[in-house]
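The chain contents come next:
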Amino acid sequence: MLNYNKFDVDKIREDFPILNREVNGKPLIYFDNAATSQTPKQVIDVIVDYYSNYNANIHRGVHTLSQEATDLYEQARLKIQKHFNAKFNHEIILTSGTTHSINLIANGFSTLLGEKDEVLVSALEHHSNIVPWQMLCERTGATLKVIPMNENGELIMSAYEALLSEHTKLVFVNHISNALGTINPIAEMIKKAHQVGAAVLIDGAQSCPHVQPDVQALDVDFYVASAHKMCGPTGIGLLYGKEEWLNKLPPYQGGGEMIDEVTFEKTTYAGLPHKFEAGTPNICGGIAFGTAVDYMTAIGFDAIATYEHELLEYATDKLLQIEGLKIYGTAKEKTSVISFNIEGIHPYDIGTILDKMGIAVRTGHHCAQPIMDFYKIPGTIRASFAFYNTKAEIDALVEGVKKAKMMLL
Ligand code: 7TS
């Protein structure tokens, strides 16, 4: 087990081989962490070990390799259960990621909603927490309503309360906005939804790299996330669901692993979590997800949050000194994401010049077009920081933006 007694960014950076590479002849500065985080060697080692030593299909072989792989996969589920403080191990469904998890729930609710029902989505959502619900509404005739936001990028709680009624069956909101970094008041929102009998799905894709959610304390019905944003591999993520809800929902995909008995007349389904895990899963990814959780826990989520907040304040202050630079998303509660534009310059042009300097940022609408429409902009430049970034890298970003501005104006 790792032991990081004191938060030491130089020591942490040694865990990330990719941070040693150059891009366009310059040391890589990676500020696209909200899209995907980098992978520490502890996680890479587990992936290499899996394919080198015990690659086998799980839950079905009596042979040693299959048993070893099954044990490690199920141990990973236990680690994830503990991390999110789920009451039961079988409430953790391993999926291919946030998008898969949301679609699984949206599909399940097709059987539970009707024309009089309403579902609420926040104005701050990623497309993957909008489109599956629109598809659900098309299938069921239910109505999708939007919880509005203010100029700072905060949800308007009085409007949320006004939208809630006995018709509201589901509320879906992200814990943290990927485009603006806003931390939403989800505990309060869950409580209010439950008062009218609505279930709540929290999209934790952007929160899990920064905080450790306690699903029981939150009393949330569904919580979803992707491993690749929290130091794990792509193609694996989780759906936490309360046991009673998961029992109520039908399976999403049919196939091997999710059945109890199959005949041509009738098939009965397996219990949780297997009912929702058809086919051969991402075995190596699941095991490595467990290691990523171990890794971040060893660094410490409190230490991560404190350090990243320091980076956020430092970068906000420095960037705002650049004339013509505007930050979108100025919520009081905010994580280490800065979306900005420079007057008169297209975000894409700045992003391209920064890349020439080895600095990776994301430009565009960040799969959150309604937010861009709200601000009447085509997109932003987004710098998103992780616990392995440094103030020196932020200085380089600020200098890079200044240079780009000079070149383009
Ligand atoms: N929800 C939120 C809030 C996200 O930020 C993302 C990905 C997703 C859902 C989808 O996650 P996936 O792992 O299933 O793809 N966000 C981003 C981003 O901000 N830039 O690239 C991907």
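Residues numbered from 1 in each chain as written. Predicted model: local features only at pLDDT ≥ 70, side-chain atom pairs only at ≥ 80, totals over all residues. Heavy atoms only, no water.

Section: the site of the ligand
No. 1: Inspection of the region around the ligand gives 15 residues, with Thr-99, Asp-203, Gln-206, Arg-362 and Arg-382 positioned closest.
No. 2: In the environment of the ligand, an oxygen atom lies 2.7 Å from a nitrogen or oxygen atom belonging to the side chain of Arg-382.
No. 3: For the ligand, the protein covers 86% of the area, taking 490 Å² as the surface of the free molecule.
No. 4: Assessed atom by atom at 2 Å from the grid points, the ligand resides in the largest pocket.
No. 5: For the shell around the ligand, the per-class residue count stands at three nonpolar, eight polar and four charged.
No. 6: Here the shell around the ligand spans two domains, since at least three of its residues come from each of domain 1 (9-39 + 300-403) and domain 2 (45-297). (Near = heavy atom within 4 Å. Polar contact = N/O pair within 3.5 Å; in protein donor to acceptor, adjacent residues only side chain to side chain. Areas by Shrake-Rupley, 256 points an atom, 1.4 Å probe, with all protein chains shown as cover. 1 Å grid on protein atoms, 1.4 Å probe; cavity = no way out; pocket = protein on both sides within 12 Å on 5 of 7 lines; lining within 4 Å. Sits in = over half its atoms within 2 Å of the grid points. Nonpolar A, V, L, I, M, F, W, Y, C, P; charged D, E, K, R; others polar. Domains from an automatic or database assignment.)

Notes on helix α2 (residues 41-54)
No. 1: The terminal C-alpha atoms of α2 lie 19 Å apart, and with 14 residues this matches the ideal 20 Å at 1.5 Å per residue to within 8%.
No. 2: Of the positions making up α2, those classed as buried are Gln-42, Val-43, Val-46, Tyr-50 and Tyr-54. Taken around the axis of α2, the buried residues stretch over an arc of 100°, which confines them to a single face. Along α2, exposed side chains directed more than 90 degrees from the buried face belong to Tyr-51 and Ser-52.
No. 3: Looking at the buried side of α2, the elements it contacts are α3 (64-84) and α10 (283-299). (Helix = DSSP H or I, 4+ residues; strand = E, 2+ residues; numbered from the N terminus. Expected span 1.5 Å × (residues − 1). Buried < 20%, exposed > 50% of the residue type's maximum accessible area, 1.4 Å probe, protein only. Arc of directions from axis to C-beta. Contact = heavy atoms within 4.5 Å.)

Comments concerning the pairing of strand β5 (residues 118-122)
Each regular strand shows side chains that alternate between the opposite faces of the sheet.
No. 1: Most of β5 is tucked away, with five of its five residues classed as buried.
No. 2: By the alternation rule, side chains of β5 split into Glu-118, Leu-120 and Ser-122 and Val-119 and Val-121, which are all buried.
No. 3: Summarising the sheet, β5 and strand β6 (residues 143-147) pair through five bridges and their orientation is parallel. If you follow Val-119 over to β6, its bridge partner there is Leu-144.
No. 4: Taken together, β5, helix α5 (residues 131-140) and β6 form a β-α-β motif whose crossover is right-handed.
No. 5: For β5 and strand β7 (residues 168-174), the ladder comprises four bridges, and the chain directions are parallel. If you follow Leu-120 over to β7, its bridge partner there is Val-171. (Pairing = 2+ DSSP bridges. Right-handed = clockwise from strand over helix to strand, strands pointing away.)

Quick notes on the nonpolar core
No. 1: The biggest cluster of nonpolar side chains holds 102 residues, and the ones touching the most others in it are Tyr-223 and Phe-387.
No. 2: It is α10 that contributes the most residues to this core, 11 residues altogether.
No. 3: Split by domain, the residues of this core number at least three in each of domain 1 (9-39 + 300-403) and domain 2 (45-297).
No. 4: Judged by nonpolar contacts, the second largest core, of 26 residues, contains Ile-102, Ala-142, Leu-201 and Val-224. (Core = buried A, V, L, I, M, F, W, Y, C linked by side-chain atoms within 4.5 Å.)

So, the domain arrangement of the chain
No. 1: For the chain, the assigned domains read domain 1 (9-39 + 300-403) and domain 2 (45-297).
No. 2: Computed from C-alpha atoms alone, the centre-to-centre distance between domain 1 and domain 2 is 27 Å.
No. 3: Across the contact, 38 residues belong to domain 1 and 35 residues belong to domain 2.
No. 4: For the pair domain 1 and domain 2, the summed buried area comes to about 2900 Å², and 55% of that belongs to carbon and sulfur atoms.
No. 5: For the pair domain 1 and domain 2, the number of links is 25 residue pairs in polar contact (both at pLDDT 80 or more).
No. 6: Here the side of domain 1 that touches domain 2 gets six residues from one element, more than from any other, and that element is helix α13 (residues 369-375).
No. 7: Classifying every residue of the side of domain 1 that touches domain 2 by side-chain character gives 19 nonpolar, 13 polar and six charged. (Buried area = accessible area lost by both parts, 1.4 Å probe.)

A word on empty space enclosed by the protein
No. 1: Evaluation of the coordinates by the stated rule reveals one cavity of 30 Å³ or more.
No. 2: Roughly 110 Å³ of internal volume is contained in the largest cavity.
No. 3: In this structure, the largest cavity is lined by 17 residues; those nearest its centre are Asn-33, Pro-209, His-210, Lys-229 and Ala-386.
No. 4: Split by residue class, the lining of the largest cavity holds 10 nonpolar, five polar and two charged. (Points joined across faces, edges and corners; volume = space filled by probe spheres on them.)

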